[in-house]
Each structure stands twice: as structure tokens, then as C-alpha cells.
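An overview of the molecular structure
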Amino acid sequence: MMAEPDFVCVVCRRDIEMRWHRRNGRDRVVPPVCRHCESTYGSRPPQAGDFMDRRKAVQVSALAEALRTAAAHQKWGGPYGRS
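An account of the accompanying structure is given in this report. (Residues numbered from 1 in each chain as written. Predicted model: local features only at pLDDT ≥ 70, side-chain atom pairs only at ≥ 80, totals over all residues. Heavy atoms only, no water.)

1. With respect to the overall build of the chain
For clarity, the threshold we go by: Counting from the N terminus, the helices are DSSP H or I runs at least four residues long and the strands are E runs at least two residues long. Between buried and exposed lies partly exposed: a residue is buried under 20% and exposed over 50% of the maximum accessible area for its type, with that area taken using a 1.4 Å probe on protein chains only. By definition, residues are in contact when any of their heavy atoms lie within 4.5 Å. Surface exposure here means Shrake-Rupley accessible area, sampled with a 1.4 Å probe, where a residue is shielded only by the protein chains that are shown.
Counting its secondary structure elements, the chain contains two helices and two strands. Of the regular secondary structure in the chain, the N- to C-terminal order runs β-β-α-α. Residues classed as buried in the chain amount to 25% of the 83 residues present. Counted over contacts in the chain with a minimum sequence separation of 6, partners at least 24 positions apart contribute 34%. Summed over its atoms, the accessible surface of the chain is roughly 6200 Å², and 56% of this surface lies on carbon and sulfur atoms.

So, in C-alpha cells, the structure goes:
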């Protein structure tokens with residue numbers, strides 16, 4: 001059985017090696033967002049029994065939050081403000 005291709009997370013820019021992740025189930029990694037960013041930036045973490053459309057909605061929410069955070073850093077500086 002072939003593993004899914006590796007990818008780069010669009011939020012954190014880490015290389016995700018798919019050979020170490022589950023291929024199915026609620027904890028599987030769904031490109032282009034890694035599982036960590038999906039659960040950290042998403043509106044809510046995926047629950048048991050969630051369908052793929054809900055996972056995609058959480059990923060869109062994670063991307064929107066990451067963009068909002070990047071825009072705030074551009075406007076207001078880093079995590080401790082401008083010096």
C-alpha cells in the first residue's frame with residue numbers, strides 16, 4: 001500500500017511526512033493543512049463522526065485565522081508590539 005504524498009503545510013510551512021500519519025479516521029492529516037494547525041487555528045477541533053465537509057470547514061477557518069494573525073503581525077508588529 002502506497003503512502004499519500006508528502007506536503008508542506010500552508011499555515012506553518014513545515015514539511016509533513018505522510019508515511020507516519022494515519023490514512024483514515026478522524027485524526028488523519030488532510031492536506032494542505034497539518035493536523036496541528038487545523039486543531040490550533042480552527043474554529044473547533046474535529047469530533048468523532050465528523051464528515052469530510054466539516055473537516056474542510058475547519059481547515060478554511062484555520063486558514064482564515066492564520067491570515068488574520070499574519071495581518072495583525074504586519075500591522076502591530078510581533079507578539080510584543082513594536083520597539
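2. Quick look at the pattern of salt bridges
Worth spelling out the cut-off: We define a salt bridge as a side-chain nitrogen of Lys or Arg found within 4 Å of a carboxyl oxygen belonging to Asp or Glu.
With the rule as written, the count across this model stands at two salt bridges. Among the salt bridges present, the one from Glu38 reaches Arg55, with a minimum N-O distance of 2.6 Å. Within this pair, whereas Glu38 is found in helix α1 (residues 35-41), its partner Arg55 is found in helix α2 (residues 52-76), the two being separated by 17 residues in sequence. Across the pair, exposure class does not vary: Glu38 and Arg55 are buried alike. Residue Arg68 pairs with Glu65 through a salt bridge whose shortest N-O separation is 2.7 Å. Here Arg68 and its partner Glu65 are both found in helix α2, three residues apart, which amounts to about one turn of the helix. The exposure class of Glu65 is partly exposed, given its relative accessible area of 26%.

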